[in-house]
Amino acid sequence: MHSSDEIGTPRGPARTETDLPAGAATALLVLGHGAGGGVDAPDLLAVRDAAVALGVAVVRVTQPYRVAGRRAPAPAGHLDEAWTAVLAALRDRHADVPTLLVGGRSSGARVACRTAAATGAAGIVALAFPLHPPGRPERSRAAELSTGLPTLVVNGDRDAFGVPDPGPGVTVVTRPGEGHDLRKDPAGTAAVVRDWLRGQGWAAA
């Protein structure tokens with residue numbers, strides 16, 4: 001079952017797209033979009049479909065700056081503030097779902113990592129995590145992945161933003177032939193997420 005809604009945040013309204021499984025949800029997976037993209041990116045849609053098929057409720061969140069029609073991303077603090085407000089509302093809305101998982105692609109993955117502890121997440125799905133700005137490997141964002149939570153990173157081996165190294169609790173899967181957009185084989189990317197969710201015990205099937 002699919003539904004759309006808006007949730008107020010201190011940075012303006014965010015939009016949510018919710019897809020529920022047929023039975024009781026085993027977990028709630030909340031996904032954010034990339035800096036200049038939207039929640040209909042091929043990898044996000046493929047992960048949604050795979051997760052819902054496993055009995056996971058999936059909510060894709062459009063940040064307030066995108067709802068307002070702006071392409072340039074808001075500052076990191078604003079993104080985190082809006083995301084945290086949305087997560088609080090979603091936790092209330094889905095209070096019967098036992099486990100909260102967070103994630104997203106690129107900028108959305110960074111937001112999910114930075115706020116995971118504060119939002120009470122149990123795990124993180126990071127698609128196309130942007131390890132550094134293109135051509136600037138010295139500006140590493142690897143520390144954002146050090147949340148202490150089980151984390152899956154799925155990046156393309158041709159990603160100009162780099163590929164993180166695995167670490168404690170951080171599983172990194174590199175997709176051959178994929179760039180930052182992970183557009184070549186969304187179903188393959190979703191299969192990686194599906195297997196990880198099953199392995200963590202967050203799937204009904």
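Since this is a predicted model, take the numbers as computed values, not measurements.

### Quick word on the overall build of the chain
And then number 1: A tally of helices and strands in the chain yields 5 helices and 8 strands.
And then number 2: Scaling as 2.2 N^0.38, a compact globule of 205 residues should have a C-alpha radius of gyration of about 17 Å, and the chain matches this with 15 Å.
And then number 3: On the principal axes, the C-alpha backbone points of the chain span a range of 45 × 40 × 30 Å.
And then number 4: Within the chain, buried positions represent 53% of all 205 residues.
And then number 5: Positive and negative side-chain charges of the chain, numbering 21 and 20 respectively, have mean locations separated by a distance of 4 Å.

### Here we look at the sheet that holds strand β8 (residues 170–175)
And then number 1: Read across the sheet, 8 strands follow the order β1-β2-β4-β3-β5-β6-β7-β8 without closing on themselves; strand pairing throughout is mixed. Each edge of the sheet is formed by a strand with only one pairing partner; in this case those strands are β1 (2–7) and β8. Neighbour-to-neighbour, the strand axes of this sheet turn through a mean angle of 20 degrees, independent of strand direction.
And then number 2: Where strand β3 (residues 27–32) and strand β5 (residues 100–105) come together, 5 bridges link them in parallel fashion. Paired with G32 across the strands is G104, a residue of β5.

### Topic: empty space enclosed by the protein
In this approach a probe as big as a water molecule rolls over the atoms, and the regions it shows empty are the leftover space.
And then number 1: According to the stated counting rule, one finds 1 cavity of 30 Å³ or more in the structure shown.
And then number 2: Of the volumes computed, that of the largest cavity is approximately 60 Å³.
And then number 3: Elements supplying a minimum of two residues to the lining of the largest cavity: α3 (76–93) and α4 (107–119).
And then number 4: Among the elements that take part in the lining of the largest cavity, α4 stands out by supplying 3 residues, more than any other.
And then number 5: Of the residues that constitute the lining of the largest cavity, the class distribution is 5 nonpolar, 5 polar and no charged.

### Examining the side chain of T151
And then number 1: Within the secondary structure, T151 sits in strand β7 (residues 151–156).
And then number 2: Take T151: its relative accessible area is 0%, and that puts it in the buried class.
And then number 3: When residues no more than four places from it in sequence are discounted, the contact partners of T151 are I124, L145, G169, V170, T171 and W196.

### Some points on the pairing of strand β4 (residues 56–62)
And then number 1: The element β4 is extensively covered by neighbouring structure, given that 7 of its 7 residues are classed as buried.
And then number 2: Side chains V56, V58, R60 and T62 project from β4 onto one buried face, and the interleaved A57, V59 and V61 project onto a second face that is buried too.
And then number 3: Bridging between β3 and β4 involves 6 bridges; their strand directions are parallel. Bridge pairing links L28 to A57 in β4.
And then number 4: Chirality of the crossover, the property in question, places the unit of β3, helix α1 (residues 42–53) and β4 among those that are right-handed.

### Focus: α4
And then number 1: Between its first and last C-alpha atoms α4 spans 17 Å; for 13 residues at 1.5 Å apiece the expected length is 18 Å, and the two agree.
And then number 2: Of all the bends found along α4, the most pronounced is centred on C113 and spans about 35 degrees.
And then number 3: The buried fraction of α4 is high, at 10 of 13 residues.
And then number 4: Within the sequence span of α4, burial applies to S107, G108, A109, R110, V111, A112, C113, T115, A116 and T119.
And then number 5: Residue G120 follows α4 closely and has a positive phi angle near 80 degrees.

### Describing helix α5 (residues 186–200)
And then number 1: With 15 residues, α5 extends 21 Å between its outermost C-alpha atoms, agreeing within 8% with the 21 Å of an ideal straight helix rising 1.5 Å per residue.
And then number 2: The set of residues buried in α5 consists of P186, G188, T189, A190, A191, V192, V193, W196 and L197.
And then number 3: Phi for G201, located one or two positions after α5, is positive at around 80 degrees.

### Description of the side chain of E144
And then number 1: Summarising the element assignment, E144 is placed in the loop between β6 (123–127) and β7.
And then number 2: Not counting residues within four places of it along the chain, the set of residues in contact with E144 comprises R110, C113, R114 and F129.

Analysis parameters
Residues numbered from 1 in each chain as written. Predicted model: local features only at pLDDT ≥ 70, side-chain atom pairs only at ≥ 80, totals over all residues. Heavy atoms only, no water. Helix = DSSP H or I, 4+ residues; strand = E, 2+ residues; numbered from the N terminus. Rg over C-alpha atoms; globule rule 2.2 N^0.38 Å. Buried < 20%, exposed > 50% of the residue type's maximum accessible area, 1.4 Å probe, protein only. Lys, Arg positive; Asp, Glu negative; His and termini not counted. Charge placed at Lys NZ, Arg CZ, Asp CG, Glu CD. Pairing = 2+ DSSP bridges. Axes fitted to C-alpha atoms, helices over the stretch in contact; angles between N-to-C directions. 1 Å grid on protein atoms, 1.4 Å probe; cavity = no way out; pocket = protein on both sides within 12 Å on 5 of 7 lines; lining within 4 Å. Points joined across faces, edges and corners; volume = space filled by probe spheres on them. Nonpolar A, V, L, I, M, F, W, Y, C, P; charged D, E, K, R; others polar. Contact = heavy atoms within 4.5 Å. Right-handed = clockwise from strand over helix to strand, strands pointing away. Expected span 1.5 Å × (residues − 1). Bend = angle between axes of the 7 residues up to and from the residue.

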